[in-house]
Amino acid sequence: MMVFVLVTVSFPLLAQVKYVISPGSELKVDGGSSLHDWHMASSDATGQGQFILDAGKLKGIQSLQVELVAETLKSGTKGLDSNAYKALGTGKNPKIKFVLKDLTGAGSDFTAKGDLTIAGVTKPVSFPVKVTQNGNKFSFKGSYDTKLTHFSIDPPTALLGTVKTRDEITITFNTSFQPSN
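Quick caveat: nothing in here was measured; it's all calculated off a predicted structure.

*Asks:* What's the story with the overall build of the chain in this structure? I'm lost.
*Replies:* Tallying secondary structure elements over the chain gives two helices and twelve strands in all. Along its sequence from the N terminus, the chain presents helices and strands in the succession α-β-β-β-β-β-α-β-β-β-β-β-β-β. A buried classification covers 39% of the 181 residues belonging to the chain. Across the chain, every contact between residues at least 6 apart in sequence was considered, and the portion connecting residues at least 24 apart equals 58%. Working note: accessible area of the chain is about 10600 Å², and carbon and sulfur atoms make up 56% of it. The positive charge centre, built from 19 side chains, and the negative charge centre, built from 15, are 3 Å apart in the chain.

*Asks:* What is the right way to look at the nonpolar core in this model?
*Replies:* Generally speaking, a soluble globular protein has its nonpolar side chains buried in company with each other. The biggest cluster of nonpolar side chains holds 43 residues, and the ones touching the most others in it are F51, L116, I118 and F140. Not counting residues up to four positions away in its chain, the partners in contact with F140 are F51, I61, V129, K130, V131, F173, N174, T175 and F177.

*Asks:* Looking at this structure, I do not really get the pattern of salt bridges. What am I missing?
*Replies:* Between side chains of opposite charge, a pair can form when the charged atoms approach closely. The tally for this structure, following the rule as stated, stands at five salt bridges. Notably, a salt bridge pairs K28 with E26, separated by 3.8 Å at the nearest N-O pair.

*Asks:* Can you walk me through the pairing of strand 2 (residues 26–32) in this structure?
*Replies:* Pairing of strand 2 with strand 12 (residues 168–179), which is carried by five bridges, proceeds in the antiparallel orientation. If you follow D30 over to strand 12, its bridge partner there is T170. In the sheet, strand 2 pairs with strand 3 (residues 37–42) via six bridges, with the strands oriented antiparallel. Within the sheet, the bridge partner assigned to L27 lies in strand 3 and is S42.

*Asks:* In this structure, what is going on with the environment of V129? I would like to understand it.
*Replies:* For V129, the location among the structural elements is in strand 8 (residues 121–134). Taking the relative accessible area as the measure of exposure, V129 reaches 5% and is therefore buried. Between the C-alpha atoms of V129 and Y144, which are 15 residues apart in sequence, the distance is 9.7 Å. Leaving out residues up to four positions away in the same chain, V129 has contacts with S108, D109, F110, A112, F140, K141 and F173.

*Asks:* I'm lost on unusual backbone geometry in this one. Help?
*Replies:* It is generally the case that most residues other than glycine have a negative phi and that most peptide bonds are trans. Positive phi, close to 55°, is recorded for A55, a residue that is not glycine. In this fold, A55 is placed in the loop between strand 4 (46–54) and strand 5 (57–69). You can call A55 exposed: its relative accessible area is 73%. Even without being a glycine, A119 presents a positive backbone phi close to 55°. Tracing the backbone shows A119 in the loop between strand 7 (109–118) and strand 8.

*Asks:* Is there a simple way to think about the packing of aromatic side chains in this case?
*Replies:* Centre-to-centre distance and the angle between the planes together describe a pair of aromatic rings. Evaluated as defined, the whole model comprises nine aromatic pairs. The interplanar angle of 80° and the centroid separation of 6.0 Å between the aromatic rings of F51 and F140 together place this pair among those described as edge-to-face. Of the two residues, F51 is situated in strand 4 and F140 in strand 9 (residues 137–147); the sequence distance between them amounts to 89 residues. Given a relative accessible area of 0%, F51 falls into the buried group. For the ring pair F51 and F177, a centre distance of 5.7 Å and an interplane angle of 50° mean the geometry is tilted.

Conventions and cut-offs
- Residues numbered from 1 in each chain as written.
- Predicted model: local features only at pLDDT ≥ 70, side-chain atom pairs only at ≥ 80, totals over all residues.
- Heavy atoms only, no water.
- Helix = DSSP H or I, 4+ residues; strand = E, 2+ residues; numbered from the N terminus.
- Buried < 20%, exposed > 50% of the residue type's maximum accessible area, 1.4 Å probe, protein only.
- Contact = heavy atoms within 4.5 Å.
- Areas by Shrake-Rupley, 256 points an atom, 1.4 Å probe, with all protein chains shown as cover.
- Lys, Arg positive; Asp, Glu negative; His and termini not counted.
- Charge placed at Lys NZ, Arg CZ, Asp CG, Glu CD.
- Core = buried A, V, L, I, M, F, W, Y, C linked by side-chain atoms within 4.5 Å.
- Salt bridge = Lys/Arg side-chain N within 4 Å of Asp/Glu carboxyl O.
- Pairing = 2+ DSSP bridges.
- Phe/Tyr/Trp six-rings, centres within 6.5 Å; stacked < 30°, edge-to-face > 60°.

This is the structure in structure tokens:
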């Protein structure tokens, strides 16, 4: 009996808990054109993961996936949205998806590595992430700079080619996860 107690005390109890994305999580895409900068945002992402907890604190993530229907990204300008959906080929590739492969770091500073799929093209990505905890919820904030052409997307043009979208974009996320219960 004493050996069991010593073994139990010597090794912390790690728990795997299923988490899902919380309402209000936001994903943004920022870019520019020869005319003006533009911004698209969505709060309609879905996602889930298996978090590894030790005494209620995040120790790691076994799996995590976030998906977004691309046409939930809105700029507030119908023409810009339409051009963006056409460039993304949302009829054939309706979702943007991130699958975490590795999360390293400590405290609140982590590096996420995974596969990002945009317009049907999947690329390995790596970016810094700030992780904070509020009760049993975990928030992940960060951004990733990339190019449209990296995902085989031709930057859209408008007005007979006089307005050209810049290749560079920034994807920003502010997501929270809560236990699925």
